Amino acid sequence: MKVISCYNLKGGVGKTTINNLLALHISQTEIKNENGELVEPKILMIDADEQANLTSFFYNNMHQDKTIVDALINDLDAKDVIIKAPNENYPNVDFIPSNIKMSIMAELISTKNAKEKVAMRWFIKNIETLKKYTHILIDLSPGTNIVNRNMLYISDSILGICKYTDTASIEGFATFLERYRLDAQELELPKMANIKVLMNQYTDRKTSTGNIFEAYLENFPSVTELLLDTKVYESVAIKNSMLYNTSISDYIAEYGGNGRSLEDIKKLTKELTEKGLI
């Protein structure tokens, strides 16, 4: 089981899109366990973002189901909040949704003992249910609230999402890295997450904005040293696959489009696997 969070302090970088596309693509990919044996992927997506964008795209933002808030605050069992295969086209992808209650979750968690480790205690308590998943992907809101910190502290891997030409996304992730490393020491976390950075919505067109961004990026070696070789290019197919609630491979197979998008996601999955993030 690998727990992966897609994250940046800066919003609007495409983390929900990458989270969703990765989950659906992994669910259709042959994977190997620690013994090198082929196993069927089993995915759990958790929407821990108060905006509930992942819930809107993958499930239903009008739902009345239990959420991760109910799980952590009311200590519900994982099996009581997990929605089994909400998209029948992806029977091995389960889901824990979000809703507006996420907006008060930080306040509620703050009343708990050892508030930074509420999610960790819940995961440990529910490990028999959760360990059945090969991958658990968590979508987080921008910011440094206590909810995000809880989820990041239980993550085996953190995939930083930076948006090409968005200088604030670079500074946002660099700020997170500094805070995370300090917190890991102070809270005596069992281990540090495996952290890498993806450049999203990339373009190789030469523009003055791109030149400014590239120059600005050089000021943040803590980010550049974590950059993946893979970049995900801007793509209508990627945007539409979210709207149609399909994997990028299924979208292109049915509707056509730029095959580069599919190659980007394939390369991303391969590199994340080789580097131990997924």
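Residues numbered from 1 in each chain as written. Predicted model: local features only at pLDDT ≥ 70, side-chain atom pairs only at ≥ 80, totals over all residues. Heavy atoms only, no water.

Caption draft 1: Spatial organisation of the packing of aromatic side chains. Evaluation of the coordinates by the stated rule reveals 13 aromatic pairs. Between Tyr 59 and Phe 95, the aromatic rings sit 6.1 Å apart at their centres with planes inclined by 65°, giving edge-to-face as the arrangement. Taken together, the residues span a long stretch of sequence, with Tyr 59 in the loop between α2 (53–58) and α3 (68–73) and Phe 95 in strand β5 (residues 93–96) at a distance of 36 residues. Arranged with centres 5.1 Å apart and planes meeting at 90°, the rings of Tyr 202 and Tyr 233 form a pair that is edge-to-face. Separated by 31 residues along the polypeptide, Tyr 202 in strand β8 (residues 194–202) and Tyr 233 in strand β9 (residues 227–233) bring together distant segments of the chain. Residue Tyr 202 shares its accessibility class with Tyr 233, and that shared class is buried. Linked through ring pairs, Tyr 7, Phe 173, Phe 176 and Tyr 180 together constitute an aromatic cluster. Across from the ring centre of Tyr 202, 5.3 Å away, lies the NZ or CZ of Lys 231, which sits over that ring. The ring centre of Tyr 233 lies 3.8 Å from the NZ or CZ of Arg 260, which sits over that ring. (Phe/Tyr/Trp six-rings, centres within 6.5 Å; stacked < 30°, edge-to-face > 60°. Helix = DSSP H or I, 4+ residues; strand = E, 2+ residues; numbered from the N terminus. Buried < 20%, exposed > 50% of the residue type's maximum accessible area, 1.4 Å probe, protein only. Lys NZ or Arg CZ within 6 Å of the ring centre and 35° of its normal.)

Caption draft 2: Local environment of the packing of helix α8 (residues 167–186) against helix α9 (residues 208–217). Direction vectors running N to C along α8 and α9 enclose 15°, while the axes themselves pass 9 Å from each other. In terms of orientation, α8 lies roughly parallel with respect to α9. The interaxial crossing formed by α8 with α9 has right-handed handedness. Contacts between α8 and α9 involve Thr 167, Ile 170 and Glu 171 on the former and, on the latter, Phe 213, Tyr 216 and Leu 217. (Axes fitted to C-alpha atoms, helices over the stretch in contact; angles between N-to-C directions. Parallel < 35°, antiparallel > 145°, perpendicular 65-115°, else oblique. Left-handed = near helix turned anticlockwise from the far one by under 90°. Contact = heavy atoms within 4.5 Å.)

Caption draft 3: Main features of helix α13 (residues 259–274). In a regular helix each residue adds 1.5 Å, so 16 residues correspond to 22 Å; α13 covers 23 Å between its end C-alpha atoms and thus fits that length. Taken together, the buried positions of α13 are occupied by Ser 261, Leu 262, Asp 264, Ile 265, Leu 268, Thr 269, Glu 271 and Leu 272. Buried residues along α13 sit in contact with α1 (15–27), β7 (157–163), β8, β9, α11 (236–243) and α12 (248–255). Phi turns positive, to about 80°, at Gly 276, one or two residues after α13. (Expected span 1.5 Å × (residues − 1).)

Caption draft 4: Looking closely at the pattern of salt bridges. What the rule picks out here adds up to 16 salt bridges. Residues Arg 205 and Glu 234 are paired through a salt bridge, measuring 3.7 Å at the closest nitrogen-oxygen approach. On the criterion of sequence distance, the pair formed by Arg 205 in the loop between β8 and α9 and Glu 234 in the loop between β9 and α11 is long-range, its members being 29 residues apart. In this structure Arg 205 comes out as exposed when scored by relative accessible area, which is 55%. Look at Glu 234 and you get partly exposed, because its relative accessible area is 44%. (Salt bridge = Lys/Arg side-chain N within 4 Å of Asp/Glu carboxyl O.)

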